[in-house]
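Residue-level structure breakdown
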Amino acid sequence: MCGICGELRFDGRTPDRATLASMTDKLARRGPDASGQYISGPLGFGHRRLAVIDLSERSAQPMVDDDLGLALVFNGTIYNYPELREQLRARGYLFTSDGDTEVILKAYAEWGEDCPQHLQGVFAFAIWNTRTQQLFMARDRFGVKPCYYSLTRQGVRFASTSQALLAAGEVADRIAPVALHHHLTLHAVVPAPRTLLHGLRKVRPGHSMTFTVKGERSLRRYWQLETARPDTPMSEWEWIEAIHEALRRAVARRRAIADVPVGMLLSGGLDGRLLVSRICEWVVGYVVTFYVGFDVCRDEMVIHSDSSLLVLCLY
C-alpha cells in the first residue's frame, strides 16, 4: 500500500507546505520507501511510497506529465496495466516507466472521467488537471483502498487515513450520530460517504468525484454490480471449472504480478488455501505464507512483516 493526500484551495491561496507535510508524515507507515510533494497554484499533493511494481525512480510520486498537463497521486495496484499500456501505446501515448502509475495518467488523458471503468484493480487516486483546473478523485469498485476527504468553504483536503486529515486541522471532530448507529449495528462498518466524525467523508466505492477551483463538485458512479444467470444452463462440474478458471485469472494472472516476492496472508479458512493453490500454479519456487498467532499464556501478539513483500489478502 501507499499513502496519498492533498488539498485544493477554493480561495485562490496556495496550499501550505507545512500542513501538507503534516498529512504526509502521518502516512509514513503506509509508504516507507519514499516521500514526495507537488504544489501547483491552488493544488498540493503528498505521497508516501511502498514500491511494489517498477521499483525505479521513474515511478516515483507525485507523478507529473507536463506534456499532458496532469499530476497524479495513487495508492493501489492496477492488475490489467500491461494490457492497458499496450492499448494506449497503440493510440500514440509514450511511456517513460514500467509501472501501473503512469498508465492511470495516460488513461485519464484518453478517456477522462471514464478512465476508472477501464481499470481492473484496487485503487484510490487523485489527478490534477492543470489545463481545466479540476481535481479528479476515484476509488475502486468495492472500496478496498481508502480515500477520506474534508470539505470547507476554503477548500477540500483528502488522504488515505482520517489521522492525516486530522493532523491538517480544521476538521469538525464531533461524533456523527447516524454513523455511530451504523458502527454499532453493522459489525463496525460505516457505509460511505459517512464516517464516525462529522467533518470527514469517504469517497463512495465505485464512484469518482470532481472538484473545481470555484468549489463546485460532482459525484459520478462508474460501476454497479450486476448479476444475471448464464444464457446457457451449466452443470455442477462446469460451474466448478468456471470458478477455478476465474480464480486462476484473478489470482495468478492478475494479483501475482509484482517486482518483489509474492506472499500470502492465511486466515485458516478454505479461501486462503484456494488462493495459495492458484498462486502455486503461476509462481516459480516457494510461496511465502504468513499468519497471525496469539500466545494465550503471555497474552502477547506477534506480527512479522516485510515492507518489500507483496502480500495478497482476500477481501
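Note: the structure precedes this text.
Note that the structure is predicted; figures quoted are calculated from it, not measured.

1. What to know about the pairing of strand 6 (residues 121–129)
- The buried count for strand 6 comes to nine of nine residues, which makes it a mostly enclosed element.
- Side chains Gly-121, Phe-123, Phe-125, Ile-127 and Asn-129 of strand 6 all project onto a buried face; the interleaved residues Val-122, Ala-124, Ala-126 and Trp-128 project onto the opposite face, where all are buried too.
- Examined bridge by bridge, strand 5 (residues 70–78) and strand 6 share nine bridges and lie antiparallel to one another. Looking at strand 6, one finds that Ile-78 is bridged to Gly-121.
- Bridge count for strand 6 against strand 7 (residues 134–139) is six bridges, and the pairing is antiparallel.

2. Re the environment of Ser-97
- Its location among the elements puts Ser-97 in the loop between helix 2 (81–90) and helix 3 (101–111).
- Remark: the alpha-carbon pair of Ser-97 and Leu-55, spanning 42 residues in sequence, is separated by 9.9 Å.
- Discounting chain neighbours no more than four positions away, the residues touching Ser-97 are Asp-54, Arg-58, Ser-59, Met-63, Arg-85 and Glu-102.
- At 2.6 Å, the side chain of Ser-97 forms a polar contact with the side chain of Glu-102.

3. Brief notes about the packing of helix 2 against helix 3
- At a minimum axis distance of 10 Å, the contact between helix 2 and helix 3 shows a crossing angle of 50°. Between helix 2 and helix 3, the angle falls in the class oblique. The interaxial crossing formed by helix 2 with helix 3 has left-handed handedness. Along its contact with helix 2, which presents Tyr-81, Leu-84, Arg-85, Gln-87 and Leu-88, the element helix 3 presents Val-103, Lys-106, Ala-107, Glu-110 and Trp-111.
- The class makeup of the residues in the contact of helix 2 with helix 3 is six nonpolar, one polar and three charged.

4. Structural notes on the sheet that holds strand 4 (residues 63–65)
- Strand order across the open sheet formed by six strands is 4-5-6-7-11-12, with antiparallel pairing between neighbours. Both outer strands of the open sheet, strand 4 and strand 12 (217–221), are each paired with one neighbouring strand and no more. Strand-to-strand twist in this sheet, taken as the mean axis angle between neighbours without regard to direction, amounts to 15°.
- Two elements, strand 11 (residues 207–212) and strand 12, share five bridges in a ladder whose sense is antiparallel. Note on strand 12: the bridge partner recorded for Thr-210 is Ser-218.

5. Here we look at the nonpolar core
- Ranked by size, the top nonpolar core spans 29 residues in total, and within it Ile-78, Ile-104, Phe-123 and Phe-125 carry the most contacts.
- If one sorts the elements of this core by residue count, helix 3 sits on top with six residues.
- The contacts of Phe-125, once residues within four sequence positions are left out, are Ile-4, Leu-72, Val-73, Phe-74, Ile-104, Cys-115, Pro-116, Leu-119, Phe-136, Met-137 and Ala-138.
- The next biggest cluster of nonpolar side chains, apart from the first, holds 20 residues, and it includes Ala-71, Val-73, Leu-135 and Val-156.

Scoring rules and cut-offs
Residues numbered from 1 in each chain as written. Predicted model: local features only at pLDDT ≥ 70, side-chain atom pairs only at ≥ 80, totals over all residues. Heavy atoms only, no water. Buried < 20%, exposed > 50% of the residue type's maximum accessible area, 1.4 Å probe, protein only. Helix = DSSP H or I, 4+ residues; strand = E, 2+ residues; numbered from the N terminus. Pairing = 2+ DSSP bridges. Contact = heavy atoms within 4.5 Å. Polar contact = N/O pair within 3.5 Å; in protein donor to acceptor, adjacent residues only side chain to side chain. Axes fitted to C-alpha atoms, helices over the stretch in contact; angles between N-to-C directions. Parallel < 35°, antiparallel > 145°, perpendicular 65-115°, else oblique. Left-handed = near helix turned anticlockwise from the far one by under 90°. Nonpolar A, V, L, I, M, F, W, Y, C, P; charged D, E, K, R; others polar. Core = buried A, V, L, I, M, F, W, Y, C linked by side-chain atoms within 4.5 Å.

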